[in-house]
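Residue strings, one per chain:
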Amino acid sequence: MSATVSFPVPSPRGPQNVTVSYARVGRGEPLLLLHGIGHHRQAWDPVVDILATERDVIAVDLPGFGASPGLPDGLTYDLPTTSAVFGAFCEALELDRPHVAGNSLGGLLALDLGREKLVRSVTALSPAGFWSQAERRYAFGVLLAMRRIARRMPLPLVERLARTAAGRTALTSTIYARPGRRSPDAVVAETLALAHATGFDATLRAGADVRFIDDIPGIPVTVAWGTRDLLLVRRQGVRAKQIIPRARLVRLPGCGHCPMNDDPALVARVILDGSR
(Lines give C-alpha, C1' and ligand atoms only; values in the text may rest on other atoms or scores of the structure.)
Protein backbone atom coordinates (compact mmCIF):
# COMPACT_ATOMS: atom_id res chain seq x y z
CA MET A 1 0.00 0.00 0.00
CA SER A 2 1.41 3.38 -1.06
CA ALA A 3 0.52 6.39 1.07
CA THR A 4 1.71 9.73 2.42
CA VAL A 5 1.72 11.12 5.93
CA SER A 6 2.32 14.67 7.18
CA PHE A 7 3.51 15.57 10.67
CA PRO A 8 5.10 18.51 12.52
CA VAL A 9 8.87 18.65 13.11
CA PRO A 10 10.45 21.27 15.41
CA SER A 11 12.56 23.96 13.77
CA PRO A 12 14.10 27.32 14.79
CA ARG A 13 11.05 28.93 13.14
CA GLY A 14 8.60 26.78 15.06
CA PRO A 15 6.99 23.46 14.05
CA GLN A 16 7.17 22.75 10.30
CA ASN A 17 4.99 20.22 8.49
CA VAL A 18 6.94 17.46 6.71
CA THR A 19 5.32 15.04 4.24
CA VAL A 20 6.77 11.58 3.61
CA SER A 21 5.70 9.06 0.98
CA TYR A 22 5.90 5.39 1.91
CA ALA A 23 4.71 1.91 1.00
CA ARG A 24 3.62 -0.61 3.63
CA VAL A 25 3.08 -4.35 3.32
CA GLY A 26 3.27 -7.51 5.41
CA ARG A 27 2.69 -8.41 9.03
CA GLY A 28 4.79 -8.90 12.13
CA GLU A 29 7.12 -6.56 13.96
CA PRO A 30 7.58 -3.22 12.15
CA LEU A 31 10.63 -2.82 9.91
CA LEU A 32 11.54 0.59 8.46
CA LEU A 33 13.57 0.61 5.20
CA LEU A 34 15.70 3.67 4.30
CA HIS A 35 17.31 4.11 0.86
CA GLY A 36 20.50 5.93 -0.17
CA ILE A 37 21.09 9.39 -1.62
CA GLY A 38 19.57 9.91 -5.06
CA HIS A 39 17.60 6.66 -4.85
CA HIS A 40 13.99 5.99 -3.90
CA ARG A 41 12.06 3.43 -1.87
CA GLN A 42 11.78 1.10 -4.88
CA ALA A 43 15.44 0.24 -4.30
CA TRP A 44 14.05 -2.23 -1.75
CA ASP A 45 11.57 -3.90 -4.14
CA PRO A 46 13.73 -7.02 -4.68
CA VAL A 47 13.58 -7.90 -0.96
CA VAL A 48 10.25 -6.46 0.22
CA ASP A 49 8.11 -9.53 -0.53
CA ILE A 50 10.55 -11.80 1.31
CA LEU A 51 10.71 -9.47 4.31
CA ALA A 52 6.93 -9.06 4.35
CA THR A 53 6.42 -12.73 5.16
CA GLU A 54 7.83 -12.02 8.64
CA ARG A 55 7.71 -8.23 9.11
CA ASP A 56 5.38 -5.25 8.79
CA VAL A 57 7.55 -3.52 6.17
CA ILE A 58 7.49 0.27 5.75
CA ALA A 59 9.69 1.45 2.86
CA VAL A 60 9.99 5.24 2.75
CA ASP A 61 11.12 7.93 0.35
CA LEU A 62 13.50 10.21 2.25
CA PRO A 63 12.47 13.90 2.21
CA GLY A 64 13.47 15.41 -1.13
CA PHE A 65 13.78 12.00 -2.82
CA GLY A 66 11.39 9.75 -4.71
CA ALA A 67 7.78 10.85 -4.17
CA SER A 68 8.51 12.74 -0.93
CA PRO A 69 8.62 16.54 -1.26
CA GLY A 70 11.64 18.42 0.03
CA LEU A 71 11.94 19.73 3.56
CA PRO A 72 10.22 23.06 4.26
CA ASP A 73 12.19 26.24 4.90
CA GLY A 74 13.73 26.18 8.35
CA LEU A 75 14.70 22.50 8.23
CA THR A 76 18.09 21.36 6.96
CA TYR A 77 19.14 18.04 5.46
CA ASP A 78 21.63 17.24 8.22
CA LEU A 79 21.72 14.08 10.31
CA PRO A 80 20.01 15.44 13.48
CA THR A 81 17.13 16.90 11.46
CA THR A 82 16.60 13.77 9.37
CA SER A 83 16.63 11.58 12.48
CA ALA A 84 14.08 13.92 14.08
CA VAL A 85 11.94 13.61 10.94
CA PHE A 86 11.91 9.82 11.22
CA GLY A 87 11.30 9.91 14.94
CA ALA A 88 8.21 12.01 14.17
CA PHE A 89 7.31 9.73 11.24
CA CYS A 90 7.30 6.72 13.58
CA GLU A 91 5.09 8.59 16.04
CA ALA A 92 2.68 9.55 13.26
CA LEU A 93 2.36 5.93 12.15
CA GLU A 94 2.30 4.69 15.76
CA LEU A 95 5.40 2.56 15.20
CA ASP A 96 6.79 1.63 18.60
CA ARG A 97 10.57 1.49 18.13
CA PRO A 98 10.61 -0.36 14.79
CA HIS A 99 13.51 -2.36 13.47
CA VAL A 100 15.34 -0.35 10.81
CA ALA A 101 17.45 -1.30 7.82
CA GLY A 102 19.20 1.22 5.61
CA ASN A 103 21.53 1.34 2.63
CA SER A 104 24.29 3.94 2.13
CA LEU A 105 22.88 7.25 3.41
CA GLY A 106 19.95 5.21 4.74
CA GLY A 107 22.42 3.01 6.61
CA LEU A 108 23.94 6.06 8.28
CA LEU A 109 20.46 7.28 9.22
CA ALA A 110 19.60 3.83 10.58
CA LEU A 111 22.70 3.88 12.79
CA ASP A 112 21.82 7.37 14.01
CA LEU A 113 18.30 6.24 14.90
CA GLY A 114 19.92 3.39 16.82
CA ARG A 115 22.26 5.80 18.60
CA GLU A 116 19.18 7.84 19.63
CA LYS A 117 17.45 4.64 20.87
CA LEU A 118 14.50 5.25 18.54
CA VAL A 119 14.63 1.72 17.08
CA ARG A 120 14.95 -1.82 18.42
CA SER A 121 17.59 -3.08 15.96
CA VAL A 122 19.73 -1.71 13.12
CA THR A 123 20.88 -3.35 9.90
CA ALA A 124 23.17 -1.05 7.88
CA LEU A 125 24.11 -2.07 4.32
CA SER A 126 27.26 -0.23 3.16
CA PRO A 127 26.49 2.72 5.45
CA ALA A 128 27.96 6.15 4.85
CA GLY A 129 30.06 7.80 7.54
CA PHE A 130 32.97 5.38 7.98
CA TRP A 131 35.10 6.89 5.23
CA SER A 132 38.45 8.59 5.23
CA GLN A 133 38.45 12.09 3.74
CA ALA A 134 39.91 10.76 0.49
CA GLU A 135 37.28 8.01 0.30
CA ARG A 136 34.50 10.53 0.96
CA ARG A 137 35.76 12.89 -1.75
CA TYR A 138 35.93 10.00 -4.20
CA ALA A 139 32.38 8.82 -3.37
CA PHE A 140 30.93 12.33 -3.58
CA GLY A 141 32.69 12.90 -6.90
CA VAL A 142 31.17 9.72 -8.31
CA LEU A 143 27.71 10.63 -7.01
CA LEU A 144 27.91 14.12 -8.51
CA ALA A 145 28.98 12.67 -11.87
CA MET A 146 26.08 10.18 -11.80
CA ARG A 147 23.67 12.99 -10.98
CA ARG A 148 25.04 15.21 -13.78
CA ILE A 149 24.69 12.44 -16.34
CA ALA A 150 21.15 11.55 -15.18
CA ARG A 151 20.04 15.19 -15.46
CA ARG A 152 21.49 15.69 -18.94
CA MET A 153 20.35 12.43 -20.51
CA PRO A 154 17.12 12.64 -22.57
CA LEU A 155 14.42 10.22 -21.42
CA PRO A 156 14.23 8.39 -24.79
CA LEU A 157 17.96 7.64 -24.52
CA VAL A 158 17.56 6.34 -20.95
CA GLU A 159 14.70 4.11 -22.07
CA ARG A 160 16.68 2.81 -25.04
CA LEU A 161 19.74 2.02 -22.89
CA ALA A 162 17.62 0.33 -20.23
CA ARG A 163 16.31 -2.22 -22.76
CA THR A 164 19.67 -4.01 -22.99
CA ALA A 165 21.92 -5.57 -20.37
CA ALA A 166 24.85 -3.55 -21.73
CA GLY A 167 22.84 -0.33 -21.42
CA ARG A 168 21.75 -1.14 -17.87
CA THR A 169 25.39 -1.81 -17.05
CA ALA A 170 26.37 1.60 -18.42
CA LEU A 171 23.70 3.30 -16.32
CA THR A 172 23.97 1.44 -13.01
CA SER A 173 27.23 -0.55 -12.71
CA THR A 174 28.52 1.92 -10.11
CA ILE A 175 25.95 0.74 -7.58
CA TYR A 176 25.08 -2.80 -8.74
CA ALA A 177 27.54 -5.64 -9.19
CA ARG A 178 24.99 -7.42 -11.40
CA PRO A 179 23.27 -4.55 -13.24
CA GLY A 180 21.88 -6.84 -15.92
CA ARG A 181 19.52 -8.26 -13.29
CA ARG A 182 17.80 -4.90 -12.78
CA SER A 183 14.62 -4.58 -14.83
CA PRO A 184 14.49 -1.98 -17.60
CA ASP A 185 11.57 -0.16 -15.94
CA ALA A 186 13.42 -0.03 -12.61
CA VAL A 187 16.53 1.42 -14.25
CA VAL A 188 14.52 4.13 -15.99
CA ALA A 189 12.66 4.97 -12.78
CA GLU A 190 15.77 5.23 -10.64
CA THR A 191 17.60 7.31 -13.25
CA LEU A 192 14.69 9.75 -13.17
CA ALA A 193 14.67 9.65 -9.35
CA LEU A 194 18.33 10.63 -9.30
CA ALA A 195 17.79 13.43 -11.82
CA HIS A 196 14.77 14.88 -10.02
CA ALA A 197 15.83 14.50 -6.37
CA THR A 198 15.28 17.97 -4.90
CA GLY A 199 17.15 17.07 -1.71
CA PHE A 200 20.28 15.75 -3.41
CA ASP A 201 22.57 18.79 -3.35
CA ALA A 202 21.68 19.90 0.18
CA THR A 203 22.04 16.35 1.50
CA LEU A 204 25.46 15.98 -0.10
CA ARG A 205 26.61 19.31 1.32
CA ALA A 206 25.39 18.33 4.79
CA GLY A 207 27.36 15.08 4.59
CA ALA A 208 30.73 16.69 3.86
CA ASP A 209 31.83 16.65 7.50
CA VAL A 210 29.91 13.60 8.70
CA ARG A 211 31.70 10.68 10.32
CA PHE A 212 30.03 8.11 12.56
CA ILE A 213 32.22 7.76 15.65
CA ASP A 214 29.92 6.47 18.42
CA ASP A 215 29.24 3.01 19.75
CA ILE A 216 25.60 1.85 19.86
CA PRO A 217 25.22 -0.15 23.06
CA GLY A 218 22.05 -1.95 24.06
CA ILE A 219 20.53 -2.88 20.70
CA PRO A 220 21.48 -5.42 18.02
CA VAL A 221 23.49 -3.87 15.17
CA THR A 222 24.41 -5.57 11.89
CA VAL A 223 26.77 -3.95 9.38
CA ALA A 224 26.90 -5.68 5.98
CA TRP A 225 29.18 -4.85 3.05
CA GLY A 226 29.25 -6.08 -0.53
CA THR A 227 32.58 -7.48 -1.66
CA ARG A 228 32.19 -5.62 -4.97
CA ASP A 229 31.12 -2.23 -3.59
CA LEU A 230 32.70 0.35 -5.92
CA LEU A 231 31.36 3.44 -4.13
CA LEU A 232 32.11 2.87 -0.44
CA VAL A 233 34.91 0.32 -0.35
CA ARG A 234 34.50 -2.61 2.02
CA ARG A 235 37.41 -1.73 4.34
CA GLN A 236 35.02 0.87 5.73
CA GLY A 237 33.12 -2.05 7.23
CA VAL A 238 36.18 -2.96 9.29
CA ARG A 239 36.22 0.60 10.64
CA ALA A 240 32.54 0.31 11.51
CA LYS A 241 33.26 -2.87 13.48
CA GLN A 242 36.04 -1.08 15.38
CA ILE A 243 33.68 1.77 16.29
CA ILE A 244 30.71 -0.50 17.13
CA PRO A 245 32.57 -3.55 18.52
CA ARG A 246 29.45 -5.58 19.36
CA ALA A 247 28.07 -5.18 15.83
CA ARG A 248 27.77 -8.23 13.60
CA LEU A 249 29.89 -7.60 10.49
CA VAL A 250 28.61 -9.55 7.49
CA ARG A 251 30.27 -10.04 4.12
CA LEU A 252 27.98 -10.04 1.06
CA PRO A 253 29.85 -12.01 -1.62
CA GLY A 254 29.47 -10.70 -5.17
CA CYS A 255 27.32 -7.75 -4.13
CA GLY A 256 27.77 -4.09 -5.00
CA HIS A 257 26.88 -0.90 -3.16
CA CYS A 258 23.12 -1.55 -3.36
CA PRO A 259 23.11 -5.29 -2.61
CA MET A 260 19.34 -5.74 -2.45
CA ASN A 261 19.16 -6.30 -6.21
CA ASP A 262 22.40 -8.30 -6.50
CA ASP A 263 21.39 -11.03 -4.03
CA PRO A 264 17.86 -10.49 -2.66
CA ALA A 265 17.69 -13.78 -0.75
CA LEU A 266 20.97 -13.16 1.08
CA VAL A 267 20.15 -9.54 1.92
CA ALA A 268 16.66 -10.43 3.17
CA ARG A 269 18.14 -13.16 5.38
CA VAL A 270 20.72 -10.75 6.82
CA ILE A 271 17.97 -8.22 7.61
CA LEU A 272 15.64 -10.81 9.15
CA ASP A 273 18.43 -12.36 11.21
CA GLY A 274 19.48 -8.91 12.40
CA SER A 275 15.95 -7.98 13.47
CA ARG A 276 15.09 -10.95 15.70
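Everything below is about the structure printed above this text.
Attention here is on the structure that accompanies the text. (Residues numbered from 1 in each chain as written. Predicted model: local features only at pLDDT ≥ 70, side-chain atom pairs only at ≥ 80, totals over all residues. Heavy atoms only, no water.)

Here we look at the overall build of the protein chain
Short version of the rule: Strands here are runs of E lasting at least two residues and helices are runs of H or I lasting at least four, both read from the DSSP assignment and numbered beginning at the N terminus. This radius of gyration counts C-alpha atoms alone. The globule rule is 2.2 Å times how many residues there are, raised to the power 0.38. When a residue's accessible area, from a 1.4 Å probe over protein chains only, is under 20% of the maximum for its type it is buried; when over 50% it is exposed; and in between it is partly exposed. By definition in these notes, contact holds between two residues if any of their heavy atoms fall within 4.5 Å. Calculation of accessible area relied on Shrake-Rupley with a 1.4 Å probe; when residues are assessed, cover is drawn exclusively from the protein chains displayed.
When you go through the protein chain residue by residue, the secondary structure sums to 11 helices and 8 strands. A compact globule built from 276 residues would reach a C-alpha radius of gyration of about 19 Å, and the protein chain, at 17 Å, matches this within 12%. Dimensions of the protein chain, computed from C-alpha atoms along their principal axes, come out at roughly 45 × 40 × 40 Å. Here the protein chain holds 276 residues, and the buried ones make up 57% of them. For the protein chain, the proportion of contacts with a sequence separation of at least 24, taken over those separated by at least 6, is 71%. When the accessible surface of the protein chain is summed, it comes to about 11,600 Å², and 54% of that surface belongs to carbon and sulfur atoms.

A word on the packing of aromatic side chains
This is how it is decided: Centre distance within 6.5 Å is the pairing criterion for rings of Phe, Tyr and Trp, where only the six-membered ring of Trp is used; planes under 30 degrees apart are then read as stacked, over 60 as edge-to-face, and the remainder as tilted.
Per the counting criterion, the structure on display carries 5 aromatic pairs. An angle of 70° between the planes, with centres 6.2 Å apart, marks the rings of phenylalanine 7 and phenylalanine 89 as edge-to-face. Residue phenylalanine 7 is found in strand E1 (residues 2–9), and its partner phenylalanine 89 is found in helix H2 (residues 79–92); the two are separated by 82 residues along the sequence. Each member of the pair, phenylalanine 7 together with phenylalanine 89, is buried. Arranged with centres 5.9 Å apart and planes meeting at 70°, the rings of phenylalanine 86 and phenylalanine 89 form a pair that is edge-to-face. In this pair, phenylalanine 86 and phenylalanine 89 both sit in helix H2, 3 residues apart, roughly one turn of the helix. Residues phenylalanine 86 and phenylalanine 89 agree in their burial class; the two are buried. Among the aromatic residues, those joined into a ring-pair cluster are Phe7, Tyr22, Phe86 and Phe89.

Regarding the sheet that holds strand E6 (residues 121–125)
So the rule is basically this: Two strands form a pair only when DSSP identifies at least two bridges running between them. In this description, a line fitted to the C-alpha atoms serves as the axis of each element, helices being fitted only across the stretch in contact, and the angle between N-to-C directions of two axes falls anywhere from 0 to 180 degrees.
If you walk across this open sheet you meet the 8 strands as E1-E2-E4-E3-E5-E6-E7-E8, and the pairing is mixed. Strand pairing shows two members of the sheet lacking a second neighbour, E1 and strand E8 (248–252), which therefore form its edges. The sheet shows a mean angle of 25° between the axes of neighbouring strands, taken without regard to direction. Note that strand E2 (residues 16–26) and strand E4 (residues 55–60) share 5 bridges and pair antiparallel. Across the sheet, residue arginine 24 finds its bridge partner in E4, namely isoleucine 58. Here helix H1 (residues 45–52) sits on the sheet and contacts E2, strand E3 (29–34) and E4; the angle it forms with E4, its principal contact strand, is near 155°. Contacts from H2 reach E1, E2, E3 and E4 within the one sheet, and its direction differs from that of E1 by about 115°.

Details of the side chain of serine 126
As a reminder of what qualifies: In protein, a polar contact means a hydrogen-donor-capable atom and an acceptor-capable atom, both N or O and within 3.5 Å, with residues adjacent in sequence counting only if both atoms are side-chain atoms; elsewhere, any N or O pair within 3.5 Å suffices.
Take serine 126: it is sitting in the loop between E6 and helix H4 (133–152). Using a relative accessible area of 0% as the deciding quantity, one classes serine 126 as buried. A polar atom in the side chain of serine 126 sits 2.8 Å from the side chain of aspartate 229. Filtering out sequence-adjacent residues up to four positions away, serine 126 remains in contact with Asn103, Ser104, Ala224, Trp225, Gly226, Asp229, Leu232 and His257.

Considerations on the side chain of serine 83
With respect to the helices and strands, serine 83 occurs in helix H2. For serine 83, a relative accessible area of 5% gives the class buried. A distance of 2.4 Å separates a polar atom in the side chain of serine 83 from a polar atom in the side chain of aspartate 112. When residues no more than four places from it in sequence are discounted, the contact partners of serine 83 are Asp112, Leu113 and Leu118.

Quick word on the pairing of E1
Burial along E1 is one-sided: the residues Ala3, Val5, Phe7 and Val9 are buried and none of Ser2, Thr4, Ser6 and Pro8 is. Relative to E2, E1 runs antiparallel, the two being bridged by 8 bridges. Among the inter-strand pairings, alanine 3 is bridged to a residue of E2, identified as tyrosine 22. Counting the residues that bridge the hairpin from E1 to E2 gives 6 residues, and of these glycine 14 lies at a positive phi of roughly 100°.

Without other data, these values stay purely geometric and don't point to any function.
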